[in-house]
Every structure is written in structure tokens, then in C-alpha cells.
Amino acid sequence: MRKVWRRSMITFAYCLVGSAPFAQKGTLNGTVTGAGEPLQAVTVTAGANNVLTDKRGWFSLSLDAGFYTFIISHAGYKTVAQEVKITSSDTQTLHFRLAPAEEMSEVVVLGSRSSVQRTYLQTPVPVDVIAAKQLTQTGQPSLTQMLNFAAPSFNASRPLINEPVTLRGLNPDQLLILVNGTRRHNMAYVNPGGVRGILGRGAVANDLNAIPFSAIEKIEILRDGASAQYGSDAIAGVINIQLKKQTNETSVQLHTGQFYKGDGKSVTAGLNTGFSLFRKGFLNISADFRYNNPTHRGGEYWGTVYTDNKTVDDSIVRARGFNRKAVSNAGSSKQTSGGLSLNGGYPVSANTELFWTAMVSSRKTIFTSGFIFPKNTTRINPELFPDGFSALPHHNSRDASGIAGARGRLKNNWHWEYSTAYGINHDRYAINNTNNPSQYFTMGKLAPTSFYTGTLVYGQLTNSINLSKQLSLKPEQVVNVSAGAEWRREYFITKEGEEGSWKNYFPQGRKVGGSTGLIVTPESAVNESRNVAGTFVEIESEYKNRLLLNLAGRYEYYSDYGGNLAGKLAARYKITNKFSIRGSINNGFRAPSLQQRYFASTNKNTAPVGGVLIPVTVGLFPNNSEVARAIGIPTLQAERSVNGSGGATATITSHIRLTVDAYWIQIKNRIVLSGMFDRTKSRDIHDLLSRYPDVDRVQFFANAINTRTHGLDMVLNGNWKFKSVNLFAMLAGNWNQTRLFGDIQTAGKLKMDSLNTNTLFSRGERGKLEQGQPPSKVILSLHVETSRFGVIIRNTWFGKTAIVSDSLDRSLDESFSPKILTDVSFHYTPMPWLRVTAGANNILNIYPDHISNARNTMEGQHIYPLEASPFGFNGGYYFITFQIKLPPVQGKG
């Protein structure tokens, strides 16, 4: 009996001691897929341990407790490294997706908060991925125009001050801009529209050109409503600009070109360099400079100059040698800009990394305003400008932004990220070659001809925290859970111009007071702010690598408008590994911007009346002003949207890929800038403006309309290799239509009569919205290259546009036929560190149709439709670009 007991104790002790080491081990199981299929013979390495996946893509490792860096590598695929914590007696299951090495530029981080990497063919919503190299190949001098000729659903107008951009035909402020996944601020500037560009009239402008192009790695364009994921402004979609991170590489890009007519010379220069920080982190630095000369594409003015009597006027014109060709201001502006960018990151531990981004930029724009003729005696000091004048407004835009934060992983494999971002835009306005007419009586020829007219400032501080975790409920099902919160403070300030820019020094003298251009008066200066808080939850589940579901919800609260709940459901199903269908439905919300609530100004310029440009002073009054309330302008409300989309992706062959997506967007209470209420056509308006004797017309921001937009996006990509020759092809198109529905809001207290309408959105404004942007845009590009030589041919189709008159005279309505612009460029790489590209955009020198109705030319000043020219009217542009790679920069450590 004792022997049996002794043997039992020995056996127990042996088992206890022998099993002790195994009790400290954990197990990691996983699968590896690539191109939608399990990958066999993938090498999985963890420290000194490695294993190969089987034919199911499956692997299993038993490891001692601790932290490991798992490295998953396979020939032809991008290597993935991931930190994993192994705990004793614990089993984890992870799923890895490897992207083909040549497709890494197509990996998408936009559209989902999960950490899973997917290419644009695998996402449940459409995303374009455009590398910086593709943008450079367009030969365009600015980032917005590069995107305009690279993405069909993207539009950029060419007005005087900046180039606001739109997506799927909506407004600029319905498109959210991110930098490295963090919300970017808008401009302080409000797009006035008018006769110089129609994209987003009354919208707060975005400004992609303030971001140094040499800093950009790639751009992702999410073509779907994303308010539930990224915030209220993302009704049309999201653009995410990913900045470069590379080290030990320095590149220089030089570009110069000009239009066929010999004007509009453009010079751009960019520098990018990067180096490692103590062999762990990185710092990437970029600097850009851009200069553009103006262009002139106006006609010859045939109206009267000095007096309304044509016969008498012609004799005076001949006697004084007045140049009728110098009247028009049609063309592009003179611009000089520069920018600097810093992008960096540094791991402070195995589980925590610091990151930061900083940008500054400055742009000066000088343009020519409408001509003031000497016959307009109330607008001119005859001792200064006996032959009239064209004022030269100066717009100085300074922009600064910074992002700082940290990201890492907790012990329970929750990934976290915290960031603080601040951005400010400072727009200063001044004007030269002008006058304050009322100073004629007090100063005569000694009166000043230059004025500072005001400053607009917009700032935004954003703090956000995001959490995400990948869960494996079953070997064949992966669930990603994400959550986060954001707090944002916004402020808007307008500063009055100098006294001479707005004051009437002699009211009884029958001359108006103030200079021309945009003017901020003491009465319209404001300093307003608000707080915005939001939180979101997103759950994404993928089952058997076939069905992908994404469900997101977000609640936001505005201190001046209250709360809103936005939701989104998106799905993708792989019918086969090469063909998938996808779709989404979501709702959105956009509160009026601070600029739309509080911006007020006086603008003295010219406007068309009966086919003739006359000087007018337009007062923009806030929505909550006494004037607005007196005529019954409804209080501003938030825009609310519903967005649905559906489509398919296909790998037709190993060389050809296709995506097709249809969409439908409904927006209620859309915020627009109203039409003009003219004091000469309404006694009510005249009486209301008794305190503003120099103001001829007034307008307001209002929720005037409801719209429905529907369309179709298609992108077909192909690439082939024939020995040493590579061929790349793309056919992409967007077909889009926006229409109003429901009643248009009215000024409820304003009577309607034969001379005046109380509508807040005129027939002409409706025409700009529905027909100002082309309903179709198609891009066909071919790129053939060898190791040294290459040629790119790109054709871009812009569909029909139209202008619609405010009057009931339908004969003034005009349409303009579709046009195809052809771009051709050749590149040569004589040495590994140098590439030279030369070519021409719009090589066939295509212009829009001429205006056919003389009454629409503003007495000959305008040849082309300023409001309906999606590609401008500057003609052909030839250029040469040098791309240089310099020797590596050695970093510290």
C-alpha cells in the first residue's frame, strides 16, 4: 500500500513539475488571405519561431507569454508586421490580408474605422485612390486642377480668388476634407458666386491648394455620404490627403508652362525630404512655391463710355484714345503662393507612437474687377479717373494648421488614438486703383486710390479620441468594433476696413461713399464662436471572407443648433472572388456654418441689367438681421440629407478591374445665398434700406430649396506588361443630375407684384444649380512606358452646360455643347535620378462655345460663358516638368 502511495506521489510531482513550463505558453492561430483567396506557404515569424500556412491559409503557433512582433511575408505581396501580446493558457485567432505589392497604393483606410486593410475593390462603398505620381502626370499647375482631370466625380471651378471643389455636383461645404485622417478647417471666405464661377454659390470655400503638393503621398476620395462616421459635413463624401512618411530620400520637382496665347505663365517648385529620428521615427519635410501670371480672354466693349448719347460718346472715345479692349476682366488672376509642411512620428515604446503634422501657407491673389465708366458719375472721382478705372483687389490668404497626438495598443488589444488639431485661415482684403467717390468733394485729386477693406478669420480646434478592436467570434468570422468622441470649437471674426473704404464723407453730394470691392463696415464686424461635441460607434463584420457588413451611428450636438443622430448601413458581398456587389444607405446633417450665419459685407462692383453692366452696391445682411426679419426671411436651419448607393466591383481578368456605382442624394433645407432684392423694384425694400442709402440690392442666406441628385460613377482600370513595355489604361466617367423639388421658400412679409418677386431662389439661380455643372464627365487615359521612355494621352469629355436668365425672356437662355480636351505628354528618364516630362494640355486648343446672344455678352465684354465653363476658357497650355532625386539625407542615430 505504501509503495502504491509513494508511486502516486512521485507521478503527481513529475506531472506538476513537467507541466509547469507548458502552463506559461499561449496559442496564436490565424489565417492569411490575398486577392480574396487563402494563401498557402506564407511565412509567419514570431521571434525565433516560424511556420508556413497550409492550403487553407491556416497557421498555429505555441509561444511563451510575452509581446511578439509577427511578420507575415509572401512572394509578390506586401509584408505585414503586427504587435501581439501572448498570455498564458490563452488562445487567440487573427486574420491577415496581404495586399499585392503593386497594389499598395490602392489600399484604402477611408470609409471604415477598422484597422483592416482593403483595396478599393473590397470596400463596401466606392473609394478612389489617386497616387501623387498620377496627379503629377496630368501636367496641371494646381492640386485642384490635377484632381479635376483625374477623378470624374470631382469638379473644380476657376473663379478669381480660389478654386473651390465639389463632389457629385453638391456644394464645397458638403464635402469633408481630412489630412492624415484628421478633420481640416475650411476657409473664412464665403464663395459669392456672381458672374465669376458658380460652384457652390454661398458655400464656405474649401482650399486644397493651401496644402503643399510635394508633401502628398496619395489622395483617397470617398464617394458616399459619411456623416455617421466622420461628421456632419460629409454629405457628398470625404477627401483624405495622406502625407509622405518616407525617409532617406530627397526629391525636387520643377514645373513651368504657359498658354498658347503667350500669357498665364506658371512656375511651380516643390522640395520633399525625409530622415529617420534615432532609427525609430521619421520626419518628412516639404516646401512648395507657385506663381501664375494672369490671362485675358475678354472681348471688345462696344457700349457707351462717357455719355449715353452714342454719337457724342464715339467722338469723345476717339479724341481721348479710350481702349475698348481693356475693359473686360474675363480671365484668370495673378497668384503667388508658398507653403511648408512637416509630418513626423516616433515610437516611444513597443505599444505607443507619437505623431505630428504642421503646415503653413500664404497666397496672394490680384485680380481685375469690373470697369467703372466715367458716365457713372456717382461712382467716380473725375480728378483721379477721368477715363474710368478697373480696380485691382488684393486678396491675401494665410493658413496655418497643426496636428499632434499619440496612438497605440492596450494590453487587451484595443487600438487607441488621441489627437488635437488646430487650423486657422486669415483672409485680408485690400484694393488698389480705386476711389471713394465722396472724397471728391473733400480732397479732390489728393484723395487716396488704395484702401484696406477688411479681414475675415476662421479658426477650428478639434480634440478626438478613437478606439478599435478586432474580435474573432469564429475562425470564419471577424468583427471590428470602433468607437470615439470628438469636441470641436469654431470661431469666426470679421474686422472692419479702414474708414475711407466704407464712409460717405459728403452724403449730400450725390456720390456714393466707400471704395469698390468687398468691404467690411463697422456695423458688419463680428466675433462669434460655437462648440460641437460628437460621439460615434461603428461595427464591421465579415463572414467567411464573403459578406461584409458595416453599421455606424453618430450623435453630434451643436451649441447653437442642438443635436442630430446620423446612421449608416453598408454591405459588400463577394459572389465570387472576382465579382462583388455593394451598397449603402445613410442620413446626414449639416448645420449652417458660422460664416453663413454671421457674415455681412458691402460689395461695390458691376452687375448685368438688361444686357448692360452697371455699377451696383450689394449688401449681404445676416440671416438674423433686422432687415432679414422685416421682409420675412426664415431663420436658418440645418440641412438634412438621405443618401443611397449601390454598385458592383469586378476583376474581369488579371489585368482589368471595374467598379460601377449608382447613387441618389436628397437634401432638404439646403442653404443657399438668395437672389438680389432690388430697392428700385420694391417700395418695401427701398424703405427698409433707408439707413443704407448707398446700398442698391440686398441678399441673405436662407434654407430656400430642396434638391435631389442622382448619378452613376464608373471606373475601368487596366494594366499589361509586354516584355519591357508597360501599358496602363483608364476609362472613368460620372453621369450626374441635380433637380429641385418641393416649394421654394419666399420672403414672407414682402409683397409680390409685377416688378418684384418674393422668392429666395430665382430662375437664374436655379439654372446655375441644375445646369451650371456638366451632367457628364468622362476621362480616357493611356500610358505606355519603358524603363526610359513613356507617353501619356488623356481625353476628357465635359458635358453640356447652360446659362439661364433671371428674366422671363427665354431667348436669353443659352446652352453650350460638350467638349473633349486632349492632353499629351512625353517623359524621358536619362538617369535614375532624373525624369523630364514635356507636353501640352488641351493640345487642340479647345474653347467653350462663344456666347451667341449679344445681350449676354455685357456689351461685348464677355465672349465665353463665365458661369458655365467647367474647364475654363484659357485654351491650350504647354509645359515641361523636371523630377529630380537627390542623394539621401542622413538622419540622427
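Residues numbered from 1 in each chain as written. Predicted model: local features only at pLDDT ≥ 70, side-chain atom pairs only at ≥ 80, totals over all residues. Heavy atoms only, no water.

**Structural notes on the overall build of the protein chain**
Next up, step 1: Each helix and strand counted, the protein chain has ten helices and 48 strands in total.
Next up, step 2: The C-alpha atoms of the protein chain give a radius of gyration of 31 Å, which matches the 29 Å a tight globule of 893 residues would have.
Next up, step 3: Taking the principal axes of the C-alpha coordinates as reference, the protein chain spans close to 135 × 60 × 50 Å.
Next up, step 4: A fraction of 70% describes how many contacts in the protein chain between residues 6 or more apart in sequence connect residues 24 or more apart.
Next up, step 5: For the protein chain, the distance from the average site of its 94 positive side-chain charges to the average site of its 64 negative ones is 7 Å. (Helix = DSSP H or I, 4+ residues; strand = E, 2+ residues; numbered from the N terminus. Rg over C-alpha atoms; globule rule 2.2 N^0.38 Å. Contact = heavy atoms within 4.5 Å. Lys, Arg positive; Asp, Glu negative; His and termini not counted. Charge placed at Lys NZ, Arg CZ, Asp CG, Glu CD.)

**Observations regarding the sheet that holds strand 16 (residues 216-222)**
Next up, step 1: Pairing within the open sheet is mixed, and its five strands lie in the order 11-16-17-14-15. Since the sheet does not close on itself, it has two edges, and those belong to strand 11 (127-131) and strand 15 (182-183), each with one partner.
Next up, step 2: Strand direction decides the pairing type here: strand 16 and strand 17 (residues 237-243), joined by six bridges, are antiparallel. Pairing of Lys218 across the sheet is with Gln242, part of strand 17. (Pairing = 2+ DSSP bridges.)

**Side note on the sheet that holds strand 35 (residues 612-620)**
Next up, step 1: Strand order in this open sheet of five strands is 29-34-35-39-38, and the pairing throughout is mixed. Single-partner strands in this sheet number two, and they are strand 29 (517-519) and strand 38 (677-678).
Next up, step 2: Where strand 29 lies against strand 34 (residues 601-609), three bridges are found, and the strand directions are antiparallel. For Leu518, the partnering residue across the bridge sits in strand 34 and is Asn603.

**A few points about the environment of Asn586**
Next up, step 1: Locating Asn586 in the fold gives a position in strand 33 (residues 579-590).
Next up, step 2: Overall, Asn586 belongs to the buried group, its relative accessible area being 6%.
Next up, step 3: Separated by 358 residues in sequence, Asn586 and Ala228 have C-alpha atoms that sit 7.6 Å apart.
Next up, step 4: The contacts of Asn586, once residues within four sequence positions are left out, are Asp224, Gly225, Gly567, Lys568, Ser641, Val642 and Asn643.
Next up, step 5: At 3.4 Å, the side chain of Asn586 forms a polar contact with the backbone oxygen of Gly225. (Buried < 20%, exposed > 50% of the residue type's maximum accessible area, 1.4 Å probe, protein only. Polar contact = N/O pair within 3.5 Å; in protein donor to acceptor, adjacent residues only side chain to side chain.)

**A word on the pattern of salt bridges**
Next up, step 1: In total, this model carries 41 salt bridges according to the counting rule given.
Next up, step 2: Across the pair Asp64 and Lys25 runs a salt bridge, and its minimum N-O distance is 2.8 Å. Note that Asp64 is positioned in strand 5 (residues 58-64) and Lys25 in strand 1 (residues 25-34), a separation of 39 residues in sequence.
Next up, step 3: The class of Lys25 is partly exposed, set by a relative accessible area of 26%. (Salt bridge = Lys/Arg side-chain N within 4 Å of Asp/Glu carboxyl O.)

**Thoughts on helix 10 (residues 763-771)**
Next up, step 1: Every buried residue of helix 10 is accounted for by Gly764, Glu765, Gly767, Lys768, Leu769 and Glu770.
Next up, step 2: Contacts from the buried residues of helix 10 go to strand 37 (656-673), strand 40 (701-722) and strand 41 (725-741).

**Overview of unusual backbone geometry**
Excluding glycine, most residues fall at negative phi; most peptide bonds, likewise, are trans.
Next up, step 1: For Asn845, which is not glycine, the phi dihedral falls at a positive 60 degrees.
Next up, step 2: Checked against the element boundaries, Asn845 lands in the loop between strand 47 (834-841) and strand 48 (877-886).
Next up, step 3: The residue Met858 is not glycine, and still its phi comes out positive at about 55 degrees.
Next up, step 4: As for its position among the elements, Met858 is in the loop between strand 47 and strand 48.

**Examining the nonpolar core**
Across soluble globular proteins, nonpolar side chains show a tendency to be buried alongside one another.
Next up, step 1: Among the nonpolar cores identified, the biggest contains 32 residues, and Leu135, Leu147 and Ile219 are the most heavily contacted of them.
Next up, step 2: At the level of elements, helix 2 (132-136), helix 3 (143-148), strand 12 (154-156), strand 13 (165-167), strand 14 (175-179), strand 16, strand 17 and strand 37 are the ones that each hand at least two residues to this core.
Next up, step 3: If sequence neighbours within four positions are ignored, Leu135 has contacts with Ile130, Leu143, Met146, Leu147, Ala150, Phe213 and Ile219.
Next up, step 4: Among the nonpolar cores identified, the runner-up in size contains 22 residues, and Ile633, Val672, Ala704 and Leu740 belong to it. (Core = buried A, V, L, I, M, F, W, Y, C linked by side-chain atoms within 4.5 Å.)

**A word on the pairing of strand 32 (residues 562-576)**
Next up, step 1: Judged from the twelve bridges that link them, strand 31 (residues 547-558) and strand 32 form a sheet pairing that is antiparallel. Of the residues in strand 32, the one forming a bridge with Ala552 is Lys568.
Next up, step 2: Judged from the eight bridges that link them, strand 32 and strand 33 form a sheet pairing that is antiparallel. Following the sheet pairing, Ala570 is matched in strand 33 by Ser584.
Next up, step 3: The antiparallel pairing of strand 32 with strand 33 creates a hairpin that spans two residues between the two strands.

**A closer look at the packing of aromatic side chains**
Between two aromatic rings, the relevant description is the distance of the centres plus the angle of the planes.
Next up, step 1: Across all of its chains, the model carries 22 aromatic pairs by this definition.
Next up, step 2: With 5.7 Å between their ring centres and 85 degrees between their planes, Phe322 and Phe371 make a pair best called edge-to-face. You can see Phe322 sitting in the loop between helix 5 (310-320) and strand 21 (334-347) and its partner Phe371 sitting in strand 23 (residues 371-372), a full 49 residues away along the chain. Across the pair, exposure class does not vary: Phe322 and Phe371 are buried alike.
Next up, step 3: With centroids separated by 6.4 Å and ring planes inclined at 40 degrees, the aromatic side chains of Phe621 and Phe700 adopt a geometry described as tilted. One end of the pair, Phe621, is in the loop between strand 35 and helix 8 (626-630); the other, Phe700, is in the loop between strand 39 (697-699) and strand 40, with 79 residues separating them in the sequence.
Next up, step 4: Its relative accessible area of 0% is what places Phe700 among the buried residues.
Next up, step 5: Sitting over the face of the ring of Tyr663, Arg168 holds its NZ or CZ atom 3.7 Å from the ring centroid.
Next up, step 6: Taking NZ or CZ as reference, Lys511 lies 5.4 Å from the ring centre of Tyr440, over its face. (Phe/Tyr/Trp six-rings, centres within 6.5 Å; stacked < 30°, edge-to-face > 60°. Lys NZ or Arg CZ within 6 Å of the ring centre and 35° of its normal.)

**Considering the side chain of Lys604**
Next up, step 1: Structurally, Lys604 can be placed in strand 34.
Next up, step 2: Although Lys604 lies buried, it forms no salt bridge, and the closest oppositely charged side chain, Asp694, sits 5.2 Å away as judged by the N-O distance.
Next up, step 3: Contacts of Lys604, omitting those with residues within four sequence positions, involve Arg379, Val512, Gly513, Gly514, Ser515, Thr516, Gly517, Ile519, Val616 and Thr617.

**Brief notes about the pairing of strand 35**
Next up, step 1: Counting buried positions along strand 35 yields seven of nine residues, so the element is predominantly enclosed.
Next up, step 2: Here nine bridges tie strand 34 to strand 35, and the two strands are oriented antiparallel to one another. Within the sheet, the bridge partner assigned to Asn605 lies in strand 35 and is Val616.
Next up, step 3: Hairpin connection from strand 34 to strand 35: two residues lie between these consecutive antiparallel strands, with Gly610 at a positive phi of about 60 degrees.
Next up, step 4: Across three bridges, strand 35 lies against strand 39 in parallel orientation. By the bridge assignment for strand 39, Gly619 is matched with Val698.

**Let's talk about the side chain of Lys568**
Next up, step 1: Within the secondary structure, Lys568 is located in strand 32.
Next up, step 2: Apart from residues no more than four positions distant in its own chain, Lys568 is found in contact with Val125, Asp224, Gly225, Ala226, Ala228, Gln229, Asn550, Leu551, Ala552, Ser584, Ile585 and Asn586.

**Observations regarding the environment of Ala570**
Next up, step 1: For Ala570, the location among the structural elements is in strand 32.
Next up, step 2: Spatially, the C-alpha atoms of Ala570 and Thr857 are 49 Å apart, while their sequence positions differ by 287 residues.
Next up, step 3: With residues near it in sequence (within four places) discarded, Ala570 still touches Pro124, Val125, Leu548, Leu549, Asn550, Gly583 and Ser584.

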